[in-house]
Amino acid sequence: AGVAAQFPLRLTEDGVEATFQANYLGHFALTTRLLPLLTRTAAGRSGRGRVVHLTSGAHRGAPPEGVPLSLASINDARLGGYARYGGGPSSRAWP
């Protein structure tokens, strides 16, 4: 689950842009909390567990020069809502 582009820019109480926090940091936090359970469960089965993150075509809205992963860049009001929204899927896609 996630949120679409937030207009205008809104920071959470943690000081992070709301779209990025919900769509990227939230997934990271959930995965991090699930890893111990997955590890324990996998030990009794095949020995493997996995988390699959799905994304959408919204990565096309990310800045063409790449996703700005510094707090100052993510929170920059000049970065449009759709670019902020597209940054989440792009941040989760690794080779």
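Worth saying up front: this structure is predicted, and the values here are computed from it rather than measured.

## Comments concerning the overall build of the protein chain
(1) Moving on: Counting secondary structure elements, the protein chain contains 3 helices and 0 strands.
(2) Moving on: Along the protein chain, from the amino end to the carboxyl end, the secondary structure elements read α-α-α.
(3) Moving on: Looking at the protein chain alone, contacts between residues at least 24 apart form 57% of all its contacts between residues at least 6 apart.

## A closer look at the packing of aromatic side chains
(1) Moving on: Scanning the model with the defined rule gives 1 aromatic pair in all.
(2) Moving on: When the ring of F20 is compared with that of Y24, the centres are 5.0 Å apart and the planes differ by 35°; the resulting orientation is tilted. With F20 and Y24 both in helix α1 (residues 18-43) and 4 residues apart, the pair spans about one turn of that helix.
(3) Moving on: Judged by its relative accessible area of 6%, F20 falls in the buried class.

## Some words on a nonpolar patch on the surface
(1) Moving on: Taken together, the side chains of L30, L34 and L37 define a hydrophobic patch exposed on the protein surface, amounting to about 250 Å² of accessible area.
(2) Moving on: Owing to a relative accessible area of 43%, L37 belongs among the partly exposed residues under this scheme.

## Quick word on the side chain of Q21
(1) Moving on: Along the chain, the position of Q21 falls in helix α1.
(2) Moving on: Overall, the relative accessible area of 19% leaves Q21 in the buried class.
(3) Moving on: Setting aside anything within four residues of it in sequence, one finds Q21 in contact with T12, D14, V16 and G26.

## Describing the environment of L79
(1) Moving on: Following the sequence through the fold, L79 ends up in the loop between α2 (71-74) and α3 (81-92).
(2) Moving on: Distance from L79 to L9, taken between C-alpha atoms, is 8.9 Å for residues 70 residues apart in sequence.

## Thoughts on α1
(1) Moving on: With 26 residues, α1 should reach 38 Å at 1.5 Å per residue; the first-to-last C-alpha distance of 37 Å fits that figure.
(2) Moving on: Of the positions making up α1, those classed as buried are A18, T19, F20, Q21, N23, Y24, T31 and A42.
(3) Moving on: One side-chain oxygen at the N-terminal end of α1 lies 3.0 Å from the backbone nitrogen of T19; it belongs to E17.

## Section: the confidence of the model for the protein chain
(1) Moving on: Confidence in the prediction for the protein chain averages 76 pLDDT; 74% of positions are at 70 or higher.
(2) Moving on: Here α3 stands out as the element of the protein chain with the lowest mean pLDDT, 63, in contrast to α1, whose mean of 86 is the highest.

What counts and what doesn't
Residues numbered from 1 in each chain as written. Predicted model: local features only at pLDDT ≥ 70, side-chain atom pairs only at ≥ 80, totals over all residues. Heavy atoms only, no water. Helix = DSSP H or I, 4+ residues; strand = E, 2+ residues; numbered from the N terminus. Contact = heavy atoms within 4.5 Å. Phe/Tyr/Trp six-rings, centres within 6.5 Å; stacked < 30°, edge-to-face > 60°. Buried < 20%, exposed > 50% of the residue type's maximum accessible area, 1.4 Å probe, protein only. Patch = residues over 30% accessible without salt bridge, like charges linked within 9 Å, V, L, I, M, F, W, Y side chains within 5 Å. Areas by Shrake-Rupley, 256 points an atom, 1.4 Å probe, with all protein chains shown as cover. Salt bridge = Lys/Arg side-chain N within 4 Å of Asp/Glu carboxyl O. Expected span 1.5 Å × (residues − 1). Polar contact = N/O pair within 3.5 Å; in protein donor to acceptor, adjacent residues only side chain to side chain. pLDDT = per-residue confidence, 0-100.

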